[in-house]
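# Chain and residue survey
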Amino acid sequence: MSDHPIGIFDSGVGGTSIWKEIHRLMPSENTIYLADSKYAPYGEKSEEHIRQLSIKNTEFLLDRACKLIVVACNTATTNAIDHLRKNYDVPFIGIEPAIKPAALQSRSKTVGVLATKGTLGSSLFHSTSENHAHGIKVIEQEGTGLVPLIEAGKAGSSEARTLLKKYLEPMLESGMDHLVLGCTHYPYLMPLLNELLPGHIRVIDSGEAVARQTRAVLERNGSLNRSTESGKSVFYTNTHVSALKGFLTEVDSTVVISHWDF
Ligand code: DGL
């Protein structure tokens, strides 16, 4: 079981930011990554549609004997993970906007959350926000249009800059001192964020925490891969291999990227 792969899925290329953290922390794990780019963005879809897509992705990964599934997408986690956990007998690790650490550390008691419409509108996001942000002003901002730009390899473009500037303005005016990145695509906006945000603002994303949680669950289940060799990493996309490749350029291990019509 321990040499079975960890399955990871996202609506597209964004979850590669999570895959990188997982690979860094557990280089001997075999992984299968699914980029459902054909159906991106998930953030504009109904809860039911997001759930159906998440089921399709889960079954693809289970058909390939994954021992654990990382839902590397805030939108799919907040809309579908409860359903997945109830219906499939495999551990699921999800990702949600990291409101808790931001709220605990904020001095201005004002925190910004940039996420998709699907995440911000979900009941899971609302309960997390209510439970962890007592006495904290949470400024929610939908990042409409950012995911398609990142998918198209335009994370550093002037269009992305204009949109991001517009989205950050109200949060900055409210006095936020922490910005929570509530979408796994958004870490690819870091160069622009560094340019647009004043130096005192801390950007929080959950990638590393997800990798640590994944390792903890594998350890607890006795299914951590203890091999000393580097794991095999397979990536599947239902659009262009070249688009996904662009997000894996600096990865130092061998990865296989294939097209598959899922
Ligand atoms: N990476 C997904 C997330 O974390 C993007 C959602 C989308 O496709 O809109 O929410």
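Here the structure is a predicted model, which is why all the values come from computation and not from measurement. (Residues numbered from 1 in each chain as written. Predicted model: local features only at pLDDT ≥ 70, side-chain atom pairs only at ≥ 80, totals over all residues. Heavy atoms only, no water.)

### Remarks on the side chain of serine 28
- Tracing the backbone through its elements, the reader meets serine 28 in the loop between helix H1 (16-25) and strand S2 (31-35).
- Reaching out from serine 28, the side chain makes a polar contact with the backbone oxygen of serine 227 at a distance of 3.3 Å.
- Those residues within four positions of serine 28 in sequence are excluded, and the remaining contacts are Asn225, Ser227, Glu229, Ser230 and Gly231. (Helix = DSSP H or I, 4+ residues; strand = E, 2+ residues; numbered from the N terminus. Polar contact = N/O pair within 3.5 Å; in protein donor to acceptor, adjacent residues only side chain to side chain. Contact = heavy atoms within 4.5 Å.)

### A look at the packing of helix H2 (residues 47-63) against helix H3 (residues 74-87)
- It is the contact of H2 with H3, at a shortest axis distance of 9 Å, that shows an interaxial angle of 70°. Looking at the two axes, H2 sits roughly perpendicular to H3. Judged by the sense of rotation from one axis to the other, the crossing of H2 with H3 is right-handed. Contact residues: Glu47, Ile50, Arg51, Ser54, Ile55 and Thr58 in H2; Thr75, Ala76, Asn79, Ala80, His83 and Leu84 in H3. (Axes fitted to C-alpha atoms, helices over the stretch in contact; angles between N-to-C directions. Parallel < 35°, antiparallel > 145°, perpendicular 65-115°, else oblique. Left-handed = near helix turned anticlockwise from the far one by under 90°.)

### Considering the state of the cysteines
- Taken as a whole and assessed by the stated rule, the structure comprises zero disulfides.
- No disulfide involves cysteine 73; its sulfur sits 6.7 Å from the nearest other cysteine sulfur, which is in cysteine 183.
- Its relative accessible area of 4% is what places cysteine 73 among the buried residues. (Disulfide = S-S within 2.5 Å. Buried < 20%, exposed > 50% of the residue type's maximum accessible area, 1.4 Å probe, protein only.)

### Topic: the site of the ligand
- What surrounds the ligand is a group of 13 residues, the closest being Ser11, Tyr42, Gly43, Thr75 and Thr184.
- One nitrogen or oxygen atom from the main chain of glycine 43 is found 2.7 Å from an oxygen atom belonging to the ligand.
- Asparagine 74 has a polar backbone atom sitting 2.8 Å from an oxygen atom of the ligand.
- Burial of the ligand by the protein amounts to 99% of the accessible area it has alone, namely 300 Å².
- Here the shell around the ligand is built from residues that sort into five nonpolar, seven polar and one charged. (Near = heavy atom within 4 Å. Areas by Shrake-Rupley, 256 points an atom, 1.4 Å probe, with all protein chains shown as cover. Nonpolar A, V, L, I, M, F, W, Y, C, P; charged D, E, K, R; others polar.)

### Observations regarding the nonpolar core
- Ranked by size, the top nonpolar core spans 50 residues in total, and within it Val70, Leu164, Leu179 and Tyr186 carry the most contacts.
- Of the residues forming this core, the biggest block, six residues, is contributed by helix H8 (residues 158-173).
- Apart from residues no more than four positions distant in its own chain, valine 70 is found in contact with Ile6, Gly7, Ile8, Phe9, Ile18, Ile22, Ile93, Val210 and Thr214.
- The next biggest cluster of nonpolar side chains, apart from the first, holds 22 residues, and it includes Ile32, Leu34, Leu61 and Tyr88. (Core = buried A, V, L, I, M, F, W, Y, C linked by side-chain atoms within 4.5 Å.)

### So, the environment of leucine 218
- Along the chain, leucine 218 turns up in helix H10 (residues 207-221).
- A C-alpha to C-alpha distance of 9.6 Å links leucine 218 and isoleucine 6, two positions 212 residues apart in sequence.
- If near-sequence neighbours (up to four positions away) are discounted, leucine 218 is found in contact with Ile6, Met26, Glu29, Lys67, Leu68, Ser223 and Leu224.

### Brief notes about the sheet that holds strand S6 (residues 137-142)
- Here we have four strands laid out as an open sheet, ordered S6-S5-S7-S8, and parallel in their pairing. Edge positions in the sheet fall to S6 and strand S8 (202-204), since each has one partner strand and no second. Sheet twist, expressed as the mean angle between neighbouring strand axes with direction ignored, is 20°. (Pairing = 2+ DSSP bridges.)

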